[in-house]
2 protein chains.
Amino acid sequence: MPSRHPNPDPAPDGDPPRWRRRKDARPQEIVAAAMEVFAERGFAAARLEEVAARAGVSKGTLYLYFPSKEELFKAVIRAAILPNLEQAEAMVASAGGPCFPLLERLLRMVARLIATTRMAVIPRLVIAEAGNFPELAAFYHHEVIRRGFGVVSALLWRGIGSGEFRPMPVDPSVRLIVAPLLMSAVWRTSFDGVDGEPPLDVPALMEVHIDNLRRVLLRDTGDGAGAGDGAP
Amino acid sequence: MPSRHPNPDPAPDGDPPRWRRRKDARPQEIVAAAMEVFAERGFAAARLEEVAARAGVSKGTLYLYFPSKEELFKAVIRAAILPNLEQAEAMVASAGGPCFPLLERLLRMVARLIATTRMAVIPRLVIAEAGNFPELAAFYHHEVIRRGFGVVSALLWRGIGSGEFRPMPVDPSVRLIVAPLLMSAVWRTSFDGVDGEPPLDVPALMEVHIDNLRRVLLRDTGDGAGAGDGAP
DNA sequence: TCTATATAACTGACCAGTCAGTTACTAACA
DNA sequence: TGTTAGTAACTGACTGGTCAGTTATATAGA
């Protein structure tokens, strides 16, 4: 099979070489291909032969850049999630003013990622393999969950400190805020299209969630702070 | 390897037979063994050899009672979930009076199942294999999710109809009510004990969730219907 | 005796990871 | 400006192992 990344500056003479040395481009091409295949098949069922084919290299080449299937998977997770996580951390760290609108922006941002990108498959993949690859679960917990929880947690503490939010148990609240995101990601990659159901409307779900959170998190201010259909 | 279900009424004479015909008992013993193994390894990584060993039979015997690994898995799901689902359906159908306490009972019941039984692994297993076995996902959606959602949905409609609950979009609300349960189940079977974290306190999480739902679902009644730390 | 029930050896297919060999590129030297 | 070692990048056939599902054979029980 010819490379899917052929000579970008074809030699004028004779036939093009069967392959080219492209040390710098390979890793990210391999990771992109692996992302596709893992997303379609899950970790265990993904075939490295197939990853290699989609990356336009041979299986042996994979092992020049990644020592094992598991490390390749970690690289996929890092590439898919870390940039977004860093963006979220920066957003919360830098923003001033009231916390609730910031939380709204955060939730909408993640919801959009879940609804529109392949990133949504990652939680499912990790959940699936956690039993057989505990080290993978630990990696994901340490690199993603802990940091993600940290972002929301910081936001809640700030809101409580300023009096904007009600006092509340922070750890359970973080989990309850995040749960619908997890559910959306899992749903979209496991049940969408099954049984003739319409696909899950992630943004709509998120708007209802945000409305609910307004009632739950915000300290009562006397005026109708909640959604519009409430008391007279 | 000797059977773990040896002759329950050992023959008085000579050596006991190498095996016994136990047509009626086999299926449930096999399903119980399969539940264990699937829970520990996931669907794909579970070995039928091991299921057979734990059930005290040979692999061939499995195929006398279940035509394939997939059908065996379905049997496991049915055995683990259907009784509880039916109990929940009966509870909602038969109970009168206000809806919110009923919802509380329902949530606490499921939370207890998730926190204390092996049932909690089922969602993880289905999620994990949904990509590779779409028919399994469809089965689970049809037999479990649809009915589970139906129970909560019925409850919400009733509460809205009676004026106990605020008007609300029912489908998203059902998902938001269920999401923390799903998260708890997944967490307990994927991340508990990882990274030195204390295990998830499912009942505590559920109590916070229920408090939140009180604020979200119940129509404002003027008095302090919400949790105890609110307005004077 | 007859046969439903059970066994255990077998088959065929799959795949992660390895490694001996091949090729594209580089730079030292003519 | 060739030419030619030298080497890093790459290939693909191979190994060793796994496991779902099948089948020839044996025996419990009627």
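Since we're looking at a predicted model, the values are computed, not measured. (Residues numbered from 1 in each chain as written. Chains lettered and ligands numbered in written order. Predicted model: local features only at pLDDT ≥ 70, side-chain atom pairs only at ≥ 80, totals over all residues. Heavy atoms only, no water.)

1. So, the side chain of B:Arg124
With respect to the helices and strands, the residue B:Arg124 is situated in helix H6 (residues 121-129). In this structure B:Arg124 is buried but unpaired, with A:Glu129 as the nearest side chain of opposite charge at 8.0 Å. Look past the residues within four positions of B:Arg124 in its chain and what remains in contact with it is A:Ile127, A:Ala128, A:Gly131, B:Ala39, B:Gly42, B:Thr189 and B:Ser190. (Helix = DSSP H or I, 4+ residues; strand = E, 2+ residues; numbered from the N terminus. Buried < 20%, exposed > 50% of the residue type's maximum accessible area, 1.4 Å probe, protein only. Lys, Arg positive; Asp, Glu negative; His and termini not counted. Salt bridge = Lys/Arg side-chain N within 4 Å of Asp/Glu carboxyl O. Contact = heavy atoms within 4.5 Å.)

2. Examining the nonpolar core
In this structure, A:Leu217 and B:Leu217 are the most contacted members of the largest nonpolar core, which totals 160 residues. Ignoring anything within four residues of it in the chain, the contact list for A:Leu217 reads A:Phe100, A:Leu103, A:Leu156, A:Glu164, A:Phe165, A:Arg166, A:Met168 and A:Ile177. (Core = buried A, V, L, I, M, F, W, Y, C linked by side-chain atoms within 4.5 Å.)

3. A look at the UniProt feature "DNA-binding region" (unreviewed entry) in chain A
Mapped onto the present numbering, the UniProt feature "DNA-binding region" (unreviewed entry) falls at residues 47-66 of chain A. Secondary structure across residues 47-66 of chain A divides into 75% helix and 0% strand, with the first and last C-alpha atoms of the span separated by 15 Å. (UniProt positions renumbered as here; feature names shortened; annotations may be inferred.)

4. Topic: the relation of the copies chain A and chain B
For the pair chain A and chain B, the best superposition has an RMSD of 0.1 Å and corresponds to a rotation of 180° with a translation of 0.0 Å parallel to the axis. In the structure described here, the two chain copies are related by an operation that fits a two-fold rotation axis. Identified as the residue of chain A closest to the rotation axis by C-alpha distance is A:Ala128, at 2.1 Å. (Least-squares fit on C-alpha atoms with pLDDT ≥ 70 in both.)

5. Details of the protein's contact with DNA strand D
Taken together, 25 residues surround DNA strand D, and among them A:Arg21, A:Lys23, A:Thr61, A:Tyr65 and B:Arg47 come closest. The protein-proximal atoms of DNA strand D, defined as those within 4 Å of the protein, are 64% sugar or phosphate. A:Lys23 is positioned such that a nitrogen or oxygen atom in its side chain is 3.2 Å from a phosphate oxygen of DNA strand D. Contact between DNA strand D and B:Arg47: a phosphate oxygen at 2.7 Å from a side-chain N or O atom of the residue. The element best represented in the surface near DNA strand D is helix H3 (residues 59-65) of chain A, accounting for 4 residues. By residue class, the composition of the surface near DNA strand D is 9 nonpolar, 4 polar and 12 charged. (Near = heavy atom within 4 Å. Polar contact = N/O pair within 3.5 Å; in protein donor to acceptor, adjacent residues only side chain to side chain. Nonpolar A, V, L, I, M, F, W, Y, C, P; charged D, E, K, R; others polar.)

6. Some words on the pattern of salt bridges
Opposite charge on two side chains allows them to pair when their charged atoms are near. One pass over the full model with this rule turns up 28 salt bridges over all chains. Put simply, A:Arg54 and A:Glu40 hold a salt bridge, and the shortest N to O gap is 2.8 Å. Note that A:Arg54 is positioned in helix H2 (residues 48-55) and A:Glu40 in helix H1 (residues 26-41), a separation of 14 residues in sequence. Residue classification places A:Glu40 among the partly exposed residues on the basis of a relative accessible area of 41%. Measuring nitrogen to oxygen at the nearest pair gives 2.7 Å for the salt bridge that ties B:Arg108 to B:Glu207. With B:Arg108 in helix H5 (residues 99-116) and B:Glu207 in helix H9 (residues 202-217), this residue pair connects regions lying 99 residues apart in the sequence.

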